[in-house]
Amino acid sequence: MKILDWYILKRFLVTFLFTLLILIPIAVAIDIAEKIDKFLREETLTFFEIVNDYYVNFIIYYANTFMPLALFIAVILFTSKLAGNTEIIAINGAQISFTRFLYPYFIGATIVCSVALLMNHFFVPSSSKTRKTFERTYLKKRKYSDTTIREFSLQLNDGTYIYVQSFDLKRNTGYNFTTEIYDGIQLKQQLTADNINWSEKDSTFKLYNWKIRKIFKNRDSIFSGNNIDTTFAFTPKDFNYKNVMAQEMKTPELIKFIEISKTRGIKNLNIYLVELYKRTSLPIACYFLTLIAVALAYKKKRGGVGINLTLGIFLMFLYVFFLKVAEVLGAVAGANALLNVWVPNIVFGLFSFYLYFNARK
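Calculation criteria
Residues numbered from 1 in each chain as written. Predicted model: local features only at pLDDT ≥ 70, side-chain atom pairs only at ≥ 80, totals over all residues. Heavy atoms only, no water. UniProt positions renumbered as here; feature names shortened; annotations may be inferred. Core = buried A, V, L, I, M, F, W, Y, C linked by side-chain atoms within 4.5 Å. Buried < 20%, exposed > 50% of the residue type's maximum accessible area, 1.4 Å probe, protein only. Helix = DSSP H or I, 4+ residues; strand = E, 2+ residues; numbered from the N terminus. Contact = heavy atoms within 4.5 Å. Patch = residues over 30% accessible without salt bridge, like charges linked within 9 Å, V, L, I, M, F, W, Y side chains within 5 Å. Areas by Shrake-Rupley, 256 points an atom, 1.4 Å probe, with all protein chains shown as cover. Salt bridge = Lys/Arg side-chain N within 4 Å of Asp/Glu carboxyl O. Pairing = 2+ DSSP bridges. Axes fitted to C-alpha atoms, helices over the stretch in contact; angles between N-to-C directions. 1 Å grid on protein atoms, 1.4 Å probe; cavity = no way out; pocket = protein on both sides within 12 Å on 5 of 7 lines; lining within 4 Å. Points joined across faces, edges and corners; volume = space filled by probe spheres on them. Nonpolar A, V, L, I, M, F, W, Y, C, P; charged D, E, K, R; others polar.

As named in an unreviewed UniProt entry, the protein is Permease, taken from Tenacibaculum piscium. As stated in UniProt under Subcellular location (unreviewed entry), the record for the protein gives "Cell membrane".

Listed below in structure tokens is the structure:
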């Protein structure tokens, strides 16, 4: 790399970190103002727990979230300063093309993108798990009704299905339970129970007022009883799949969860697919946002940094708006989650290439 490349890359990373360090304290201050009364209300909650369990993980989450925004603002700021100081005129005078000028920018974008990918897929989910546990314990008291799953069905394997009318996750008790075993389309066995209770200690279910029907070629056998202990290839955690926080699972765990859920016949997994695809699409946007920012600030304008920054922030929030809309649409049953998540990147990617070809001229 040449001296110019190191100069631009250094300014790129320093301005990026400076911008990020400005945004994070603002987010923390706003959050403290909103939640200070809830913290004070909890007599057993210590200052160390608030900082260590909540705000450390809060900073990790929002630092990762703000990375594209900080990158975009940083590139506009220092590129506008280069243009304002006529340094870009000198660079053009040295016969350095716009494409070659972008080289250190894209090295910087690659560094930020790589860090964001690692954060999104591995570190942020672990951090979010601790933060959300704190929120559920101290900030968002769950109501009893939130712990009850109703009208739940699940496919355990190719021929085994279960159904429960309602299951209370707090008491680990369910009502009107049925499991059926099929050979192809032929029903081979059906087990029903008025009540089902999970024992976490020995990982067994206790069935009350149960009845089992076994179907043979020429006859049926029916057995019944008051209660019986048995095991199944599921736990109450499987009843809670709709409430599982996708943000709390690392990518390998999330992929495994999606695959198991598909085999069990769970229909709408788009909310998990959106989270999975977003973890890659958002960091990749660093390249498009960098190109847009450089193209906007490359030429000196009347109004200087102010006009570039205003336009840049408008475009950034427009991107965030499209991203949120795409996430909502992608989570709808039957929607193409992958396409919806990547639409903002496709649109802004095309826009960045338009600005690139304009700037080259």
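There is more to say, and it comes next.
What follows deals with the nonpolar core. The biggest cluster of nonpolar side chains holds 59 residues, and the ones touching the most others in it are Phe-16, Phe-39, Phe-72, Phe-98, Phe-101, Tyr-105 and Phe-134. Contributing elements (two or more residues each) for this core: α1 (3–41), α2 (47–84), α3 (87–93), α4 (98–101), α5 (103–139), α8 (270–297), α9 (304–330) and α10 (337–360). In terms of residue count, α2 provides more of this core than any other element does, 18 residues in total. Contact partners of Phe-16, with chain neighbours within four places excluded, come to Met-67, Ala-70, Leu-71, Ala-74 and Val-112.

With that out of the way, let us pick up a nonpolar patch on the surface. Taken together, the side chains of Leu-339, Val-343, Ile-346, Val-347 and Leu-350 present a nonpolar region at the surface, about 450 Å² in accessible area. Of note, Ile-346 is situated in helix α10. Overall, the relative accessible area of 44% leaves Ile-346 in the partly exposed class.

What follows covers the sheet that holds strand β5 (residues 204–215). Pairing within the open sheet is antiparallel, and its 6 strands lie in the order β1-β2-β3-β4-β5-β6. Of all the strands in the sheet, just β1 (148–155) and β6 (220–230) have a single pairing partner and so form its edges. In this sheet, neighbouring strand axes are inclined to one another by 10° on average, regardless of whether the strands run parallel or antiparallel. Here β5 pairs with β6 via 10 bridges, running antiparallel. Counted as the bridge partner of Leu-207 is Ile-228 from β6.

So, about the layout of surface pockets. Estimated volume of the second largest pocket: approximately 510 Å³. Lining the second largest pocket are 22 residues, and of these Tyr-61, Thr-65, Lys-278, Leu-282 and Lys-324 sit closest to its centre. At the level of secondary structure, the elements contributing two or more residues to the lining of the second largest pocket comprise α2, α5, α8 and α9. In terms of residue count, the dominant contributor to the lining of the second largest pocket is α9 (7 residues). Residues of the lining of the second largest pocket, tallied by class, amount to 12 nonpolar, 5 polar and 5 charged.

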